[in-house]
Amino acid sequence: MATIGYLTTTIFDFGAIKSLPTELNALGIHRPLLVTDAGVQEAGIAAQVLSRLDQSTVTVFAGTPPNPTEEAVREGVAAYCDGGCDGVIALGGGSPIDLAKGVALAATHEGPLEQYAAIRDGVSRITAKVAPVIAIPTTAGTGSEVGRGALLNLTNGSKLALISPYLIPRRAICDPELTLGLPPLLTAATGIDALTHCIETFLSPLINPPAEAIALDGAQRAWRFIQRAVTKGADREARWEMMMAALEGGLTFQKGLGAVHSLSHAAGALRSPTLHHGMLNGVFLPHVLRFNAGHVGEKYATLRNLFSLDNNADLAEAMVRLLKSLGLPLTLSEMGFRQEHIAATVTRAMADHSNATTPRRPSAGDFETLLRAAL
Ligand SMILES: NC(=O)c1ccc[n+]([C@@H]2O[C@H](COP(=O)([O-])OP(=O)(O)OC[C@H]3O[C@@H](n4cnc5c(N)ncnc54)[C@H](O)[C@@H]3O)[C@@H](O)[C@H]2O)c1
Ligand SMILES: [Fe+2]
């Protein structure tokens, strides 16, 4: 049976950011907390957004770490309360957007965050009291601007997956202009995240034809335009297409991701080194494509056709060539992940919610083999 979730209202195009004051008004947000990070501030994007608002009404929290943490949620909630805030603007990549969701939840729900963990996919104790969030992505990758999930690293070292329709931002304002200055390596890594969302969603065995159609559309856009967005950051068409691919990934991954994400969530929970989510996905994708081969029906043929590859082309090898051409790492070692990180990563990967929808379910031994192959 297909379960088709909530959608949000998305304002999408160059100049979409102009709609922010109107959308704040429409949602009755008069004192927003702007959640962002240092890089987005340094790029001048936070100032650009603030210039559209009455700044005396806005509280800024720019303390988002690369993979959002429970501590940062607490700090964000303190800022929310100090500012007498009544809603959240999430400005940045997936990290500030996920953190903003955590703050919107923790500011309105009692008790420790763990008690709001997903009980099973899409079901949790999270209620409609979550403060309204307007998400403004500045990377084209995670799709968190329209997603119902947020991943937080807890102080006890575990990873908390919050999943609820109430965490879907009430508005997504997707303005490709904000990504024109995103540096090449981050463009590549976040773009590969978008491509991976679309591919894993398509390969998920659940039956959801609308999600598959969106996933294939997103995969094709990402495949066609990622190189241009990386090599020529000011290419407006490529930036528009990549932002659409990321949005489509976020709209569709309610159908479920797979082992690439089980592994990248697990490795992304390491405190040190801090590893970028999209870059990890790139490293794992070819290995997981090989692992799943023979368990996906005709779907690899569909992807080969979509990417204009020969009928007998090796999809994993094509991914490796793409990663190389984008200047992305091909191994975990290049990213600072070492052999001693394997055991904890296997344990976390085994507990990941994405395992429920992978075409071939990996055992702990399989995860270890995949990690060693990627080392
Ligand atoms: N909730 C979801 O559905 C979902 C899905 C995938 C990933 N994620 C999460 O998203 C996070 C990763 O997000 P991300 O890949 O967007 O990266 P990110 O938000 O961690 O940002 C990476 C870096 O890019 C910088 N940056 C962002 N936009 C910029 C711009 N326009 N110009 C210059 N610098 C800019 C940031 O300052 C930061 O230093 C991870 O925590 C991951 O777990 C969430
Ligand atoms: Fe992802």
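Since the model is a prediction, treat every value here as computed from it, not as a measurement. (Residues numbered from 1 in each chain as written. Chains lettered and ligands numbered in written order. Predicted model: local features only at pLDDT ≥ 70, side-chain atom pairs only at ≥ 80, totals over all residues. Heavy atoms only, no water.)

### Looking at the nonpolar core
Working step 1: Counting 70 residues, the largest nonpolar core has Leu-195, Ile-199, Leu-289, Leu-303 and Phe-307 as the members making the most contacts within it.
Working step 2: Both domain 1 (9-178) and domain 2 (182-374) contribute no fewer than three residues apiece to this core.
Working step 3: Of all hydrophobic cores here, the second largest spans 31 residues; its members include Ala-72, Cys-85, Ala-150 and Leu-167. (Core = buried A, V, L, I, M, F, W, Y, C linked by side-chain atoms within 4.5 Å. Buried < 20%, exposed > 50% of the residue type's maximum accessible area, 1.4 Å probe, protein only. Domains from an automatic or database assignment.)

### Remarks on the sheet that holds strand β8 (residues 171-174)
Working step 1: Strand order in the open sheet made by the six strands is β1-β8-β5-β4-β2-β3, with parallel pairing throughout. The open sheet is flanked by β1 (9-12) and β3 (59-61), the only strands paired with a single partner. Between one strand and the next, the sheet's axes are offset by a mean angle of 20 degrees, whatever the strand orientation.
Working step 2: With respect to the sheet, helix α5 (residues 94-106) is in contact with β2 (32-35), β3, β4 (87-92) and β5 (133-137), its orientation differing from that of β4 by roughly 165 degrees.
Working step 3: Across the sheet, helix α8 (residues 236-252) lies against β1, β5 and β8, angled at about 170 degrees from β1, the strand it touches most. (Pairing = 2+ DSSP bridges. Helix = DSSP H or I, 4+ residues; strand = E, 2+ residues; numbered from the N terminus. Axes fitted to C-alpha atoms, helices over the stretch in contact; angles between N-to-C directions. Contact = heavy atoms within 4.5 Å.)

### Regarding the site of ligand 1
Working step 1: In the vicinity of ligand 1 there are 28 residues, among which Asp-37, Gly-94, Ser-95, Thr-138 and Thr-139 approach most closely.
Working step 2: Separating an oxygen atom of ligand 1 from a side-chain N or O atom of Asp-37 is a distance of 2.8 Å.
Working step 3: Here an oxygen atom of ligand 1 and a side-chain polar atom of Asn-67 are 3.0 Å apart.
Working step 4: Bound to the protein, ligand 1 loses 88% of the 870 Å² it would expose on its own.
Working step 5: Among the secondary structure elements, those contributing two or more residues to the shell around ligand 1 are α2 (38-42), α5 and α6 (184-203).
Working step 6: Two domains each provide a minimum of three residues to the shell around ligand 1, namely domain 1 (9-178) and domain 2 (182-374). (Near = heavy atom within 4 Å. Polar contact = N/O pair within 3.5 Å; in protein donor to acceptor, adjacent residues only side chain to side chain. Areas by Shrake-Rupley, 256 points an atom, 1.4 Å probe, with all protein chains shown as cover.)

### Re unusual backbone geometry
Working step 1: That bond from Ser-272 to Pro-273 is cis: its omega, 0 degrees, falls within 30 degrees of zero.
Working step 2: One can find Pro-273 in the loop between α9 (259-268) and α10 (277-292).

### So, the domain arrangement of the chain
Working step 1: What the domain assignment reports for the chain is domain 1 (9-178) and domain 2 (182-374).
Working step 2: A C-alpha centroid distance of 24 Å is found between domain 1 and domain 2.
Working step 3: Counting residues at the interface gives 32 residues for domain 1, matched by 26 residues for domain 2.
Working step 4: Taking both partners together, domain 1 and domain 2 bury about 2300 Å²; carbon and sulfur atoms supply 62% of that area.
Working step 5: When the buried area of domain 1 at its contact with domain 2 is split by residue, Phe-12, Phe-14 and Ala-140 rank highest and sum to 23% of it.
Working step 6: For the interface between domain 1 and domain 2, the tally reads two salt bridges.
Working step 7: In this structure, Arg-236 engages Glu-177 in a salt bridge whose closest nitrogen and oxygen atoms are separated by 3.1 Å.
Working step 8: On inspection of domain 1 and its partner domain 2, the count reaches six residue pairs in polar contact (both at pLDDT 80 or more).
Working step 9: Mapped onto the side of domain 1 that touches domain 2, the elements with two or more residues apiece are β1, β6 (149-153) and β7 (159-163). (Buried area = accessible area lost by both parts, 1.4 Å probe. Salt bridge = Lys/Arg side-chain N within 4 Å of Asp/Glu carboxyl O.)

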